[in-house]
Amino acid sequence: MIRMTLAAALLALPTAALGQPATAAATDQSPPNLAQPAAVLLPRDTPIELMAVAEVRTDRVVPGARFRLRVHKPVMIDGRVVVPAGTPAFGRVIAAEKAGNVGKSGQMTAELLHVALGDLEIPIEGEHSARGRGSGSVAVAMLAGGLMGLFHRGNNAKIKAGELITGFVAEDMALDLTGPTPRRAAAPAPERP
Amino acid sequence: MAGVAALMALAATADAGAPVTVPAGTPIQLETRLPLSSKTHVKGDKVLLRVSADLVVGGRLVIPAGTEAVGDVSDAQERGGFGTSGRLVVRPLYLVVGGRHVRLAGHTAERARPGAGTAIGVVVLTPLISGRSAQIAAGTPIEATTLRDVVLPAVEP
């Protein structure tokens, strides 16, 4: 129901305000263009599933280092793909402790920054922590199979390539997808009910 | 005109379930929908959850039992070679009610920015008998809280 309300609110946005030539017969004083909503609201807290592109290890990064991710599953709003799979995204290491000499495991905390949709940055939130395995306590069993097997080689905390991380859209964004590249719709995002 | 009519119709339905504010930190009872195991699940895997008890705020039903929720495996350790137990850490992420995403945290959630490696809002599931893989049966309760204030329409009973 909320989604329908939002959709209706978007339908009601005057097309002129979006800075796009009207597609239908919409001119001054005309009713809102109901045929094709030009703007799509990407609500705050919409989950975005991301995948780490390359491994991030505590022994190779310092706090503040940025790392790349990609959108793993397309974000759909009302049946339209708003953020396609493969769209690049970025995160940042907040804290990184290397593994110590006495079997202390490495620890890492990272935060998500934004999804780069064309020239548009969609801010995203999400925290991710990882820690290495303490070698003193556990003879670590190798996980079978593929990339995951690499995980136990060392004690440094890492974000593995291919690891899935869920982020959330950090603010309501009205997107204009009609142009060659997506951009923020000129009209402010409708108020949340 | 059709648009105006549609908007009025939508407004009418919205009135039927006037919004209720669910404050941040409201506890929500969840349960797992499928069995989980540290043998088969790895970090990052999605975990299907379900709201197991109606959430009633101010006498009004806001989130009915059965509402779909999603978490992920934030840590998974296969059992070790010397009798160490497997371990699974599940972090509730969000639930979906009325097409709206409501973010969740585990009941141990901390608001402050965590230090390195601090697990936030997670539920650690370990087996009772050591040396086993962590096996989590379907229907295992998980307690979560809402991450921030959210305004939701009340659900008609």
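Just so you know, the residues in each chain are numbered from 1, in the order the chain's sequence is written. Lettering of chains starts at A and numbering of ligands starts at 1, both following the order in which they are written. Whole-chain, interface and lining totals are the exception, using all residues; otherwise, since this is a predicted model, local features are given only for residues with pLDDT of at least 70 and side-chain atom pairs are given and counted only at 80 or more.

Chemist: A description of the overall build of chain B should follow, citing residues and the corresponding values.
Modeler: Labels follow the DSSP assignment, with helices taken as runs of H or I lasting at least four residues and strands as runs of E lasting at least two, numbered in each case from the N terminus. Each helix and strand in chain B was counted, giving one helix and 13 strands. Counting from the amino terminus, chain B carries its helices and strands in the arrangement α-β-β-β-β-β-β-β-β-β-β-β-β-β. Scored against the burial criterion, the 157 residues of chain B give a buried share of 36%. In this description, a residue-residue contact is defined by the distance between C-beta atoms placed from the backbone, which must lie within 7 Å. Of all intrachain contacts in chain B linking residues separated by at least 6 positions in sequence, the fraction that spans at least 24 positions is 67%. Comment: burial labels come from other C-beta atoms within 10 Å of the residue's own C-beta, placed from the backbone, where a count of 20 or more is buried, 12 or fewer is exposed, and between is partly exposed.

Chemist: How would you sum up the overall build of chain A? Please name residues and give values.
Modeler: A tally of helices and strands in chain A yields one helix and 14 strands. A burial count over chain A gives 38% of its 193 residues as buried. In chain A, 60% of the contacts between residues at least 6 apart in sequence involve partners at least 24 apart.

Chemist: Can you lay out the sheet that holds strand β14 (residues 183-184) of chain A for me, pointing to particular residues and giving the numbers?
Modeler: All names here are of chain A. The strand order β1-β13-β14 describes an open sheet built from three strands, whose pairing is antiparallel. Only two strands of the sheet have a single neighbouring strand rather than two, namely β1 (39-42) and β14. By the convention used here, strands pair only if DSSP detects at least 2 bridges between them. Here β1 pairs with strand β13 (residues 173-176) via four bridges, running antiparallel. Bridged to Leu41 within β13 is Ala174.

Chemist: So what about the nonpolar core? Which residues, and what values?
Modeler: One nonpolar core equals one set of buried Ala, Val, Leu, Ile, Met, Phe, Trp, Tyr and Cys residues connected by C-beta atoms within 7 Å. Among the nonpolar cores identified, the biggest contains 37 residues, and A:Leu42, A:Ile48, A:Val115, A:Ile124 and A:Leu175 are the most heavily contacted of them. A per-element tally of this core places strand β8 (residues 107-117) of chain A first, with six residues. Formed by 32 residues, the second largest nonpolar core is a distinct cluster that contains B:Ala69, B:Leu95, B:Ile142 and B:Leu147.

Chemist: Go over the environment of A:Phe90, please, and point to the residues and values.
Modeler: Residue and element names in this part refer to chain A. Its location among the elements puts Phe90 in strand β7 (residues 88-97). Look at Phe90 and you get partly exposed, because 16 C-beta atoms sit within 10 Å. Along the backbone, Phe90 and His114 are 24 residues apart, and their C-alpha atoms lie at a distance of 5.6 Å. Beyond its immediate sequence surroundings of up to four residues, Phe90 is in contact with Arg66, Arg68, Leu69, Leu113, His114 and Ala116.

Chemist: Quick rundown of the confidence of the model for chain A? Include the residues and the values.
Modeler: Residues and elements named next belong to chain A. Every residue carries a pLDDT, the predictor's confidence in it, which falls somewhere between 0 and 100. Taken residue by residue, chain A gives an average pLDDT of 73. The fraction at 70 or more is 62%. Per-element averaging of pLDDT across chain A places helix α1 (residues 2-11) at the bottom with 49 and strand β4 (residues 66-71) at the top with 96. Counting contacts from residues 6-35, a segment whose pLDDT is below 50, to residues more than four positions away or on other chains yields 53 contacts. The low-confidence segment residues 134-154, where pLDDT is below 50, has 36 contacts with residues more than four positions distant or belonging to other chains.

Chemist: Residue-level account of the environment of B:Val62, with values.
Modeler: Residues and elements named next belong to chain B. Among the structural elements, Val62 can be located in strand β6 (residues 60-63). A sequence separation of 94 residues divides Val62 from Glu156, and the C-alpha atoms of the two residues are 8.8 Å apart. Discounting chain neighbours no more than four positions away, the residues touching Val62 are Val20, Val22, Leu55, Val56, Val57, Leu152, Ala154 and Val155.

Chemist: Tell me about the pairing of strand β2 (residues 47-52) of chain A, and please be specific about residues and values.
Modeler: All names here are of chain A. Where burial is concerned, the two faces of β2 differ: the one with Ile48, Leu50 and Ala52 is buried and the one with Pro47, Glu49 and Met51 is not. Note that β2 and strand β12 (residues 164-169) share five bridges and pair antiparallel. Within β12, the residue paired with Leu50 across the bridge is Ile165.

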